[in-house]
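# An overview of the molecular structure
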Amino acid sequence: MLTITAIPALEDNYIWLLRREHHAVAVDPGEAAPVLDYLRENGLQLDAILCTHRHHDHVDGIEELRGVYNVPVHGRSHPKNPHITHDLQAGDRLRLDMLDIEFDILETPGHLDGHIVFIAPGILLCGDMIFGAGCGRNFEGTPAQLLHSLQRLAALPDDTQVYCAHEYTAYNLPFALACEPNNPDIRRRIAETNRLREEHQPTVPFTIALEKATNPCLRCTSPELIQTLRARGLTDTGELAVFTALRAWRERF
Ligand code: ZN
Ligand code: FE
């Protein structure tokens, strides 16, 4: 059976460890030590590393891990990412025999150029694209690219489990509530998130369905959200204008 475990790293990162029997694959290891500890404690061997994008909190553990386990690093080659050994392009399929899993590779610009996500039935490894009730910042590319990438992920089946790279849900939900004060799903999620965090449990993974119901970045056609932004001066209520205004407000919130 395939299991997916969160290894907390750095401030608020999750390194996802996919494992089947004694085989393991690490996703976005921004730090090596917690991964090495986990592998040792659980008698696992590292077989591969997956990389969504080149930000330091997603790649800084790769070199040290490869000093111990000389494994392939699957990701999108980029001049500023020297760690990738196996280049992936949009539309590629990546088969990992040791896990008996196959990922479709989707290119999702808007956070960083060359950001990719890994998609298998019921599983989305999305790096810094979607966070609980939020999305990654628009460092490279246009807001239109970011919105388009988010829309493609929102189109995945409702029950897809989303494994993002940061624990940001509790931090994002007050903004979601400010956008839609009368959305009962957001209120329910705040209560559930508070319960999980009090128990020191991750709020990740979550489903695409939950994000579509509560994440303002995926709700730019919600009448209440549009009304909130209109009250703040928005005139163009097209989806991209709403998204752009939403992101600008988020930066100041
Ligand atoms: Zn990032
Ligand atoms: Fe990150």
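Up top is the structure these notes are about.
Residues numbered from 1 in each chain as written. Chains lettered and ligands numbered in written order. Predicted model: local features only at pLDDT ≥ 70, side-chain atom pairs only at ≥ 80, totals over all residues. Heavy atoms only, no water.

### Quick look at the packing of aromatic side chains
- Enumeration according to the criterion identifies 8 aromatic pairs in this entry.
- Here Tyr168 and Tyr171 contribute two aromatic rings whose centre-to-centre distance is 6.0 Å and whose plane-to-plane angle is 55°, an arrangement assigned as tilted.
- Overall, the relative accessible area of 23% leaves Tyr168 in the partly exposed class.
- Taking the relative accessible area as the measure of exposure, Tyr171 reaches 58% and is therefore exposed.
- An angle of 70° between the planes, with centres 5.0 Å apart, marks the rings of Phe175 and Phe253 as edge-to-face. Pair noted here: Phe175 is in helix 5 (residues 169–179) and Phe253 is in the segment after helix 9 (239–252), with a separation of 78 residues, a long-range link.
- Counting every residue linked through ring pairs, the aromatic cluster contains Tyr14, Trp16 and Tyr163.
- The ring of Phe206 carries Arg189 above its face, with NZ or CZ at 5.1 Å from the centroid. (Phe/Tyr/Trp six-rings, centres within 6.5 Å; stacked < 30°, edge-to-face > 60°. Buried < 20%, exposed > 50% of the residue type's maximum accessible area, 1.4 Å probe, protein only. Helix = DSSP H or I, 4+ residues; strand = E, 2+ residues; numbered from the N terminus. Lys NZ or Arg CZ within 6 Å of the ring centre and 35° of its normal.)

### Let's talk about the environment of Val71
- With respect to the helices and strands, the residue Val71 is situated in the loop between helix 3 (62–68) and strand 5 (73–75).
- Looking at Val71, the relative accessible area reads 5%, which means it is buried.
- For the pair formed by Val71 and Glu211, sequence separation is 140 residues and the distance between their alpha carbons is 34 Å.

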